[in-house]
Amino acid sequence: MRFADWEPHYTAILEYFGFEREADEAAARLLADLAGGRDDLGLLEALIRDRPVTVCGNAPSLPDELGRIEGTVLAADAAAEVLVNHGIRPDAVFTDLDGATDVFVDLSEQGTVMVVHAHGDNLPLLRHWVPRLPGPFVATTQAAPLPHVHNLGGFTDGDRAVFAADDLGAAEIRIVGFDLADKNVDPLKRGKLFWAGELLRLIGHDL
Ligand SMILES: Nc1ncnc2c1ncn2[C@@H]1O[C@H](COP(=O)(O)OP(=O)(O)OP(=O)(O)O)[C@@H](O)[C@H]1O
Ligand SMILES: Nc1nc2c(c(=O)[nH]1)N=C(CO)CN2
């Protein structure tokens, strides 16, 4: 999605949550510095283009849906750990790092593409984790893109993975481990899941 098409949705999200665009922009600049020019978007695209892709969210239903996974596996944040615990190494992990553990470092060492998202509320996490991830790396922002910091559209880790699969030409996108009506989450998370649903509908996924 072009930034001009994404921007109205982004502005609405900033307003809804009271997030600051300037803070997101500062985070994107920090991530650009920390990444030091690493940019494996081409590798991510090669994993996705013309292939069936499964995006795994971290709803409590994920373990029961593992049998539906096929093709390239994109994990949303802590869903990666659930997959690893069931013997599945994701091809890429989309993360703002709030679910990061040393499992992410192991995955990075094994060649999983880490798609790390900068926003105004994760600067300390970026500083902590980015230097510890040695493998393939893609930097993303929800604000205007910078050189080597991409904006493929989307907001939460899960819907951003679906936007990336869509943008990078997946042959088919299967979505598992998403429960956007989950009541066992705090109000902030409920708002994020609401927006995930709105954004996914925009690109033809009505969950
Ligand atoms: N019921 C659910 N609970 C949690 N995550 C869900 C759910 N349904 C779908 N997801 C997707 O799974 C992603 C990863 O979930 P995780 O629990 O790791 O959330 P998170 O790190 O708090 O995510 P985010 O920071 O994007 O809100 C979420 O970003 C969301 O897109
Ligand atoms: N500023 C800001 N941006 C975000 C945040 C957040 O908590 N703060 N959380 C996200 C996904 O959970 C995505 N983007």
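Summarised in this report is the structure supplied together with it. For clarity, every value in this text was computed on a predicted model and none was experimentally measured.

Cut-offs applied
Residues numbered from 1 in each chain as written. Chains lettered and ligands numbered in written order. Predicted model: local features only at pLDDT ≥ 70, side-chain atom pairs only at ≥ 80, totals over all residues. Near = placed C-beta within 6 Å. Helix = DSSP H or I, 4+ residues; strand = E, 2+ residues; numbered from the N terminus. Nonpolar A, V, L, I, M, F, W, Y, C, P; charged D, E, K, R; others polar. Buried ≥ 20, exposed ≤ 12 C-beta atoms within 10 Å, placed from the backbone. Arc of directions from axis to C-beta. Contact = placed C-beta atoms within 7 Å. Pairing = 2+ DSSP bridges. Axes fitted to C-alpha atoms, helices over the stretch in contact; angles between N-to-C directions. Core = buried A, V, L, I, M, F, W, Y, C linked by C-beta atoms within 7 Å. Right-handed = clockwise from strand over helix to strand, strands pointing away.

1. Some words on the site of ligand 1
By nearness alone, 22 residues border ligand 1, and Gly57, Asn58, Asp77, Gly158 and Asp182 come closest of all. Where the shell around ligand 1 is concerned, the elements lending two or more residues are helix H7 (157–167) and helix H8 (187–202). Grouping the constituent residues of the shell around ligand 1 by class yields 9 nonpolar, 5 polar and 8 charged.

2. What about helix H3 (residues 41–48)?
When we look at burial in H3, the residues that qualify are Leu44, Leu47 and Ile48. Angular distribution of buried residues about the axis of H3 spans 90°; they occupy a single face of the element. The inward-facing, buried residues of H3 contact strand E1 (52–56), strand E2 (72–76), strand E3 (92–95), strand E4 (113–118), strand E5 (137–141) and H7. Looking one or two places after H3, you find Asp50, whose phi comes out positive at around 65°.

3. Section: the sheet that holds E2
Pairing is parallel across the open sheet formed by 7 strands, whose spatial order is E6-E5-E4-E3-E2-E1-E7. Edge positions in the sheet fall to strand E6 (149–150) and strand E7 (172–176), since each of these pairs with one other strand and no more. Sheet topology note: the E4/E5 ladder contains 5 bridges and is parallel. In the strand pairing of E5, Val115 is matched with Val138. Contacts from helix H2 (residues 21–35) reach E4, E5 and E6 within the one sheet, and its direction differs from that of E5 by about 165°.

4. Description of the site of ligand 2
What surrounds ligand 2 is the set Phe19, Asp24, Asp96, His119, Gly120, Asp121, Gln142, Phe155, Thr156 and Lys192. Class assignment for the residues of the shell around ligand 2 results in 2 nonpolar, 4 polar and 4 charged.

5. Here we look at the nonpolar core
With 58 residues, the main nonpolar core has Leu31, Val55, Cys56, Leu74, Val115 and Ala165 as its most contacted residues. Residues in contact with Cys56, not counting those within four places in the same chain, are Leu62, Val73, Leu74, Ala75, Ala76, Ala79, Leu83, Val176 and Gly177.

6. As for the pairing of E5
By the criterion of burial, E5 is predominantly enclosed, with 5 of the 5 residues buried. Judged by which residues are buried, E5 turns out to be covered on both faces: Phe137, Ala139 and Thr141 on one side and Val138 and Thr140 on the other are all buried. Handedness of the crossover joining E4 and E5 through helix H6 (residues 123–129): right-handed. Both E5 and E6 contribute to a ladder of 2 bridges, which runs parallel. By the bridge assignment for E6, Ala139 is matched with Val149.

7. Quick word on unusual backbone geometry
Within the chain, Asp50 stands out as a residue other than glycine whose phi angle is a positive 65°. With respect to the helices and strands, Asp50 occurs in the loop between H3 and E1. Judged by C-beta crowding, with 10 C-beta atoms within 10 Å, Asp50 ranks as exposed. Although it is not a glycine, Leu97 adopts a positive phi angle of roughly 75°. Turning to its location among the elements, Leu97 is positioned in the loop between E3 and helix H5 (102–110).

8. Brief notes about the environment of Ala161
Within the fold, Ala161 resides in helix H7. With 85 residues separating them in the primary sequence, Ala161 and Ala76 have C-alpha atoms 6.9 Å apart. The contacts of Ala161, once residues within four sequence positions are left out, are Val55, Leu74, Ala76 and Phe94.

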